[in-house]
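# Structure assessment
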Amino acid sequence: MCMNKRILLIEDEKNIARFIELELSHEGFSVSTCFDGREGLQKALEENMKIDVILLDVMLPGLNGIEVCRRIRSHSQVPIILITARDAVMDRVAGLDAGADDYIVKPFAIEELLARIRSILRRTAAAPESRDLLKYKNITIDQAAYTAYVDEKMIELTKTEFDLLRLLIENKNRVCTRDHILERVWGYQSDVETNVVDVYIRHLRAKLPDSASTYIETVRGVGYVMRE
Ligand code: CA
């Protein structure tokens, strides 16, 4: 399933980069590597580069990973996995705020990285199979096109935000716990902190107009529910 999938790796530590490149190539991915933030950004935005997943280190020369992430996001919805240092909790939060889909903490087992890449690819591949429109009040989501509308106006969402909105609508009037949301949207049992869910709910609310964002209700200490 990994054949012909292209990964862009932006990581300045050459030993780590070479190791990841080797392992991913072994799994059938085609890997391009950049050692510098600016170069990585340029490559990410090159039109002829059909990239399926970007692996992005935070501490980079040229331009740091958070900024690279933010700039990629203003042009593209390509899935981004952030590579962060163990103690850099703020980097993770900033990275998610900048639109990263996931992160992995150094040092990591290559199996974990592969699992996260597969998880993101599954989510990307699953989209065209489900064709129907899903509606709640004035919100409509087109699952085939991965597009959301409020009162017929298109809302720009990242893939993760879209998945989150879809999950809430699918479960309308039923409370989704943070753990359930993590499992369904992030697609694996992981050590991702549950406050990641709160960060994404915040993004989602900010992007929806008031007429729609008020449907997402916080159930304190439990999770979230879509209802009037
Ligand atoms: Ca680095």
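To keep things clear, this report deals only with the structure shown in the data block. Every chain's residues receive numbers from 1 upward, in the order its sequence appears when written. Side-chain atom pairs in this predicted model are given and counted only at pLDDT of 80 or more, local residue features only at pLDDT of at least 70, and totals for whole chains, interfaces and linings cover all residues. Hydrogens and water molecules were not included; the side-chain quantities draw on all heavy atoms of the structure.

## Observations regarding the sheet that holds strand E1 (residues 6–10)
What the five strands build is an open sheet, ordered E2-E1-E3-E4-E5; its pairing is parallel. Both edges of this open sheet fall to strand E2 (30–34) and strand E5 (102–105), since each of them pairs with a single strand only. When strand polarity is set aside, the average angle formed by the axes of neighbouring strands in this sheet is 20°. By this definition, two strands are paired if DSSP reports at least two bridges between them. By the criteria applied, helices consist of DSSP H or I runs no shorter than four residues and strands consist of E runs no shorter than two, each listed in order from the N terminus. Across four bridges, strand E3 (residues 53–57) lies against strand E4 (residues 80–84) in parallel orientation. The residue bridging Asp 57 from the neighbouring strand is Ile 83, located in E4. The contact rule is simple, with two residues in contact once any of their heavy atoms fall within 4.5 Å. The convention used is that axes are lines fitted to C-alpha atoms, helices contributing only their stretch in contact, and that angles between N-to-C directions extend from 0 to 180 degrees. Strands in contact with helix H4 (residues 89–97) are E4 and E5; relative to E4, the strand with the most contacts, it is inclined by about 165°.

## Some thoughts on the packing of aromatic side chains
Each aromatic ring pair is characterised by the separation of its centres together with the angle its planes make. Pairing of aromatic rings covers Phe, Tyr and the six-membered ring of Trp, with a centre-to-centre limit of 6.5 Å; geometry is then stacked below 30 degrees between planes, edge-to-face above 60, and tilted otherwise. This model, assessed by the stated rule, comprises three aromatic pairs. Ring centres of Trp 186 and Tyr 200 lie 5.3 Å apart, and the angle between their planes is 75°; this geometry places the pair in the edge-to-face category. With Trp 186 in helix H7 (residues 178–186) and Tyr 200 in helix H8 (residues 195–207), this pair connects stretches of sequence that are 14 residues apart. Per residue, the accessibility class of Trp 186 equals that of Tyr 200, and both read buried. We call a charge positioned above a ring when the Lys NZ or Arg CZ atom is no farther than 6 Å from the ring centre and deviates by at most 35 degrees from the ring normal. Positioned over the ring face of Phe 35 is Lys 14, at 4.7 Å from the centre of the ring. To sort residues, take the accessible area from a 1.4 Å probe on protein chains only and compare it with the maximum for the residue type: under 20% means buried, over 50% means exposed, and anything in between is partly exposed.

## Description of the coordination of the calcium ion
Taken together, Asp 12 (OD), Asp 57 (OD) and Met 59 (O) make up the protein donors of the calcium ion, found 2.1 to 2.3 Å from the metal. Between the donor residues of the calcium ion, the gaps in sequence give the motif D-x44-D-x1-M. Residue classification places Asp 57 among the buried positions, given a relative accessible area of 3%. Judged by relative accessible area, which is 63%, Met 59 ranks as exposed. For Na, K and Ca the donor cut-off is 3.2 Å, and for all other metals it is 2.8 Å, counting N, O and S atoms only; because water is absent from this set, sites may look incomplete.

## With respect to the sheet that holds strand E6 (residues 133–136)
Think of a sheet as strands paired side by side through backbone hydrogen bonds, with each pair either parallel or antiparallel. Taken together, the four strands give an open sheet; going across it, the order is E6-E7-E8-E9, and neighbouring strands pair in antiparallel fashion. Looking at strand neighbours, the two that pair on one side only are E6 and strand E9 (153–155), the edges of this open sheet. On average, each strand axis in the sheet is tilted by 25° relative to the strand beside it, whichever way the strands run. Bridging between E6 and strand E7 (residues 139–142) involves four bridges; their strand directions are antiparallel. Within E7, the residue paired with Leu 134 across the bridge is Ile 141.

## Quick word on the pattern of salt bridges
Should the charged atoms of two oppositely charged side chains come close, the side chains can pair. Each reported salt bridge corresponds to a side-chain nitrogen of Lys or Arg within 4 Å of a carboxyl oxygen of Asp or Glu. Within this structure, the stated rule accounts for 17 salt bridges. Taking the shortest distance from any N to any O, the salt bridge between Asp 163 and Arg 123 comes out at 3.5 Å. With Asp 163 in helix H6 (residues 159–170) and Arg 123 in helix H5 (residues 110–126), this residue pair connects regions lying 40 residues apart in the sequence. Judged on exposure class, the residue Asp 163 and its partner Arg 123 are both buried. Among the salt bridges present, the one from Asp 163 reaches Lys 159, with a minimum N-O distance of 3.1 Å. One end of the pair, Asp 163, and the other, Lys 159, are both in helix H6, four residues apart, so they sit about a helical turn from each other. What makes Asp 163 buried here is its relative accessible area of 7%. On the basis of relative accessible area, Lys 159 is assigned to the buried category, the value being 9%. One salt-bridge network, held together by shared partners, links Glu 11, Glu 13, Asp 57 and Lys 106.

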